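Each chain is listed here by its residues.
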Amino acid sequence: MSYQTIIVETRGKTGLVTFNRPQALNALNEALIAELNTALVDFETNPEIGCTVITGSEKAFAAGADVKEMAEKTYIEAYLARFLDGWTRIADTRKPVIAAVSGFCLGGGLELAMMCDLIVASETARFALPEITLGIMPGAGGTQRLPRFIGKAKAMDLILTGRMMDAAEAERAGLVSRVVAPDKLLAEALAAADKIASYSQPIVMMAKETVNRAQETSLAEGARFERRLFLSMFATTDQKEGMDAFIAKRKPVFRNR
Ligand code: CAA
């Protein structure tokens, strides 16, 4: 498959997607979202791949949905075409996805990053949901995910004023997992992905699914869900291998079984 708006590579057991619309600060148009979804499905179904990293350029992870593509849409066109429905594919991936964010991460760009499992940010990263300045509000989950990351007080501040938050504030607020020097960004994200991809894929997928439950359900229900999946792990050969290897003081060889 040849891609026009993204660059798709593999690095060992990691899939790497780089947004590639430099002329528009990686604004997310329909073509880019379709290509991203194709790449995600390819990585998801490739047994050799254990984790995906999504990144942009030094200047912009993504400056939001493509305003020029959206500007003339009518309500009925947007409704009938189910505009934005395809944007949530990342949130449905079972293998982990890491966003490596440098520069502007705005609007739909931040909404995509929040659908990833880790956000690794460069010190230069700038986060905002500036939709209010365009006469709209976030539409790809931003009003729901941002308060879950950073709480209502800061989410209201960002969504109602449209202001930008720098990487240090984003880390303090709990939006990003790690902040690193700009020249270390991709290496840090790929190293985290490589580590994740070295573990048992089904166990990683179950751990991800279980952490995500914490956002969606009560503590009691979430803990019951966790216990069920935890007990089921004793039916896997990777649990036997992991524990045998620990006792024998050797490196485990996980077979994703
Ligand atoms: N859509 C389309 N084009 C965009 C864009 C976007 N979101 N963001 C930047 N661009 C384009 C600019 O139009 C410009 O193109 P031209 O050279 O053809 O004029 C090019 O990228 C470079 O941008 P600037 O000249 O503006 O660069 P700057 O460094 O001066 O400013 C910026 C950078 C502050 C990010 C500014 O570009 C900006 O404010 N962009 C829009 C951000 C925004 O509002 N995002 C939210 C979109 S709505 C959304 O995402 C809805 C949703 O929930 C799904």
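See the structure above.
Residues numbered from 1 in each chain as written. Predicted model: local features only at pLDDT ≥ 70, side-chain atom pairs only at ≥ 80, totals over all residues. Heavy atoms only, no water.

### So, the overall build of the protein
When helices and strands are tallied, the protein shows 10 helices and 10 strands. Its C-alpha atoms give the protein a radius of gyration of 19 Å, near enough to 18 Å, the size a compact globule of 257 residues would have. The burial tally for the protein puts 44% of its 257 residues in the buried class. Counted over contacts in the protein with a minimum sequence separation of 6, partners at least 24 positions apart contribute 67%. Accessible surface, the protein as shown: approximately 13,700 Å² in total, 57% of it carbon and sulfur. Charged side chains of the protein number 31 positive and 31 negative; the gap between the two group centres comes to 7 Å. (Helix = DSSP H or I, 4+ residues; strand = E, 2+ residues; numbered from the N terminus. Rg over C-alpha atoms; globule rule 2.2 N^0.38 Å. Buried < 20%, exposed > 50% of the residue type's maximum accessible area, 1.4 Å probe, protein only. Contact = heavy atoms within 4.5 Å. Areas by Shrake-Rupley, 256 points an atom, 1.4 Å probe, with all protein chains shown as cover. Lys, Arg positive; Asp, Glu negative; His and termini not counted. Charge placed at Lys NZ, Arg CZ, Asp CG, Glu CD.)

### Structural notes on the packing of aromatic side chains
Evaluation of the coordinates by the stated rule reveals 3 aromatic pairs. Ring geometry for Phe230 versus Phe234: centroids 5.5 Å apart, planes at 80°, classification edge-to-face. Its relative accessible area of 45% is what places Phe230 among the partly exposed residues. (Phe/Tyr/Trp six-rings, centres within 6.5 Å; stacked < 30°, edge-to-face > 60°.)

### Thoughts on a nonpolar patch on the surface
Side chains of Tyr75, Ile76, Tyr79 and Leu80 sit close together on the surface and give an oily, nonpolar patch of about 530 Å² of accessible area. With respect to the helices, strands and loops of the structure, Tyr75 is situated in helix H3 (residues 75-80). With relative accessibility at 63%, the residue Tyr75 sits in the exposed group. (Patch = residues over 30% accessible without salt bridge, like charges linked within 9 Å, V, L, I, M, F, W, Y side chains within 5 Å. Salt bridge = Lys/Arg side-chain N within 4 Å of Asp/Glu carboxyl O.)

### Brief notes about the nonpolar core
The biggest cluster of nonpolar side chains holds 46 residues, and the ones touching the most others in it are Phe19, Ile54, Phe127 and Leu175. Sorting the residues of this core by element identifies strand E2 (14-19), helix H1 (30-45), strand E4 (60-62), strand E5 (97-101), helix H4 (108-115), strand E7 (118-122), helix H5 (142-161) and helix H6 (167-173) as the ones contributing at least two each. Ranked by the residues each element gives to this core, the list is headed by H1, at 6 residues. Discounting residues that sit within four places of it in the chain, Leu175 has contacts with Leu110, Met114, Ile119, Phe127, Leu146, Phe149, Ile150, Met165 and Ala170. (Core = buried A, V, L, I, M, F, W, Y, C linked by side-chain atoms within 4.5 Å.)

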